[in-house]
Amino acid sequence: MKNTPTYIALNRVIFGPTAEDIAHVEKVGWSAWVEEQLKTDSFAKGDAVRRIASHKLEIECEHEGMMAPAMMMQGRKPGMMAAEGKKAEKQKFEVKKEQRGLTALEKPMEVLFKAQSQEDYPYQEIERCSHEVEVATIIRACYSKWQARTLLFDFWHNHFNVNIDANDTIRAGGHKVS
């Protein structure tokens, strides 16, 4: 591709323009293209969403605790198992090279925090949430028709330095977010 003004501009606002991207911008114009990119209802459609929904990540871990990690993610507690007639004692659980969909992306944060704050929650399961976000971000960067919006999300996420502290408080740039 030649370094045309459209190519150079697109290269700054998306993850890498294709010939189709350049032709589309030249056809509809910059204003219409920006409107398309930021349109809320259009973001949910497209190849990236289908790829994220069908993608699987491998996980493998051993875990010793009161219940299996999958039960923790369902919001169950060891006391609930005792009420079901099972003795609540530590057991050994093993997840062997399981291929699992990107399930944490759709869970409410309070469910993720509750499960992950349990003392015997496996580290691999905690890290998996971050891996799922990373994979989904890469898939959107490669396959989304709305790359400008994806790049904008990435910019603001990095700009505000979003993280979660030990008390499950979301912080951005060192300030508590409510």
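Throughout, residues of each chain are indexed from 1 in the direction in which the sequence is written. Predicted model: local features are reported for residues with pLDDT of at least 70 only, side-chain atom pairs are reported and counted for 80 or more only, and whole-chain, interface and lining totals are derived from all residues. By convention in this description, side-chain values take in all heavy atoms of the structure and omit both hydrogens and water.

Trainee: Can you walk me through the overall build of the protein chain in this structure?
Mentor: Regarding its fold elements, the protein chain presents ten helices and five strands. Residue exposure (1.4 Å probe, protein chains only): buried if accessible area is under 20% of the type maximum, exposed if over 50%, otherwise partly exposed. Across the 178 residues of the protein chain, 31% fall into the buried class. Within the protein chain, contacts between residues at least 6 apart in sequence are counted, and of these 66% link residues at least 24 apart. Here a helix means four or more residues in a row that DSSP labels H or I, a strand means two or more in a row labelled E, and each is numbered from the N terminus. Note on contacts: a residue pair qualifies if any of its non-hydrogen atoms lie within 4.5 Å across the two residues.

Trainee: I tried to follow the packing of helix H2 (residues 19-28) against helix H3 (residues 30-38) on my own but got confused; where do I start?
Mentor: Each pair of packed helices can be described by the angle between their axes along with the distance between the axes. Axis lines are fitted through C-alpha atoms, for helices just across the contact stretch, and the angle between N-to-C directions can take any value from 0 to 180 degrees. Two elements in contact, H2 and H3, have axes separated by 6 Å at closest approach and are oriented at 120 degrees. Seen from H2, the contacting residues are His24, Val25 and Val28; seen from H3, they are Trp30, Ala32, Trp33 and Glu36. In terms of residue class, the contact of H2 with H3 is made up of five nonpolar, one polar and one charged. Any residue outside Ala, Val, Leu, Ile, Met, Phe, Trp, Tyr, Cys, Pro, Asp, Glu, Lys and Arg is labelled polar, Gly included; the first ten of those are nonpolar and the last four are charged.

Trainee: Looking at this structure, I do not really get the side chain of arginine 100. What am I missing?
Mentor: With respect to the secondary-structure elements, arginine 100 resides in strand S2 (residues 91-101). Taking the relative accessible area as the measure of exposure, arginine 100 reaches 17% and is therefore buried. Within 3.5 Å is the distance limit for a polar contact, defined as a pair of N or O atoms, with the added protein rule that one can donate a hydrogen and the other accept it, and that residues adjacent in sequence qualify only through two side-chain atoms. Looking at arginine 100, its side chain comes within polar contact range of the side chain of glutamate 98, at 2.8 Å.

Trainee: I tried to follow the pattern of salt bridges on my own but got confused; where do I start?
Mentor: Where charged atoms of side chains with opposite charge meet at close range, the side chains can pair. Think of a salt bridge as a Lys or Arg side-chain nitrogen and an Asp or Glu carboxyl oxygen that are within 4 Å of each other. This structure, assessed with the given rule, holds three salt bridges. Residue arginine 100 pairs with glutamate 98 through a salt bridge whose shortest N-O separation is 2.8 Å.

Trainee: Would you mind going over unusual backbone geometry with me for this structure?
Mentor: Note on backbone geometry: most residues besides glycine have negative phi, and most peptide bonds are trans. Located in the positive-phi region is lysine 97, a residue other than glycine, with phi close to 40 degrees. Here lysine 97 shows up in strand S2.

Trainee: Would you mind showing me how to read the confidence of the model for the protein chain here?
Mentor: Detailed reading of the predicted coordinates is not advisable wherever pLDDT is low. Each residue carries a pLDDT score, the predictor's confidence in it, ranging from 0 to 100. Averaged over all residues, the pLDDT of the protein chain equals 77, while 69% of them reach at least 70. For the protein chain, per-element mean pLDDT is lowest for helix H7 (residues 78-83), which scores 49, and highest for H2, which scores 95.

Trainee: Looking at this structure, how should I read a nonpolar patch on the surface?
Mentor: On the surface, Val13, Trp30, Val34, Leu38, Leu152, Phe155, Trp156 and Phe160 cluster together to form a nonpolar patch covering roughly 690 Å² of accessible area. With respect to the element layout, phenylalanine 160 can be found in the loop between helix H10 (147-159) and strand S3 (162-164). Given the relative accessible area of 38%, phenylalanine 160 is considered partly exposed. For patches, a residue must show more than 30% relative accessible area and have no salt bridge; joins then use 9 Å for like charges and 5 Å for nonpolar side chains, namely Val, Leu, Ile, Met, Phe, Trp and Tyr. Reported accessibility uses the Shrake-Rupley method at a 1.4 Å probe radius. Residues are deemed covered only where the shown protein chains occlude them.

Trainee: Looking at this model, I keep getting lost on the packing of aromatic side chains. Mind explaining?
Mentor: By convention here, two paired aromatic rings are described through the distance between centres and the angle between planes. Between 30 and 60 degrees the pair is tilted, below 30 it is stacked and above 60 it is edge-to-face, where a pair is any two Phe, Tyr or Trp rings, Trp via its six-membered ring, whose centres lie within 6.5 Å. For the coordinates displayed, the defined rule picks out two aromatic pairs. The interplanar angle of 80 degrees and the centroid separation of 5.5 Å between the aromatic rings of tryptophan 30 and tryptophan 33 together place this pair among those described as edge-to-face. With tryptophan 30 and tryptophan 33 both in helix H3 and three residues apart, the pair spans about one turn of that helix. Ring centres of phenylalanine 155 and tryptophan 156 lie 4.9 Å apart, and the angle between their planes is 75 degrees; on these two criteria the pair is classed as edge-to-face. Residue tryptophan 156 is classed as partly exposed on the basis of its relative accessible area of 40%.

Trainee: Explanation requested: the environment of phenylalanine 93 in the structure shown.
Mentor: Mapped onto the elements, phenylalanine 93 comes out in strand S2. As a C-alpha pair, phenylalanine 93 and glutamate 64 span 29 residues in sequence and 6.0 Å in three-dimensional space.

Trainee: Sorry if this is basic, but what is going on with the side chain of serine 144 here?
Mentor: Inspection of the secondary structure puts serine 144 in the loop between helix H9 (123-143) and H10. In this structure the side chain of serine 144 is engaged in a polar contact, spanning 2.9 Å, whose partner is the backbone nitrogen of tryptophan 146.

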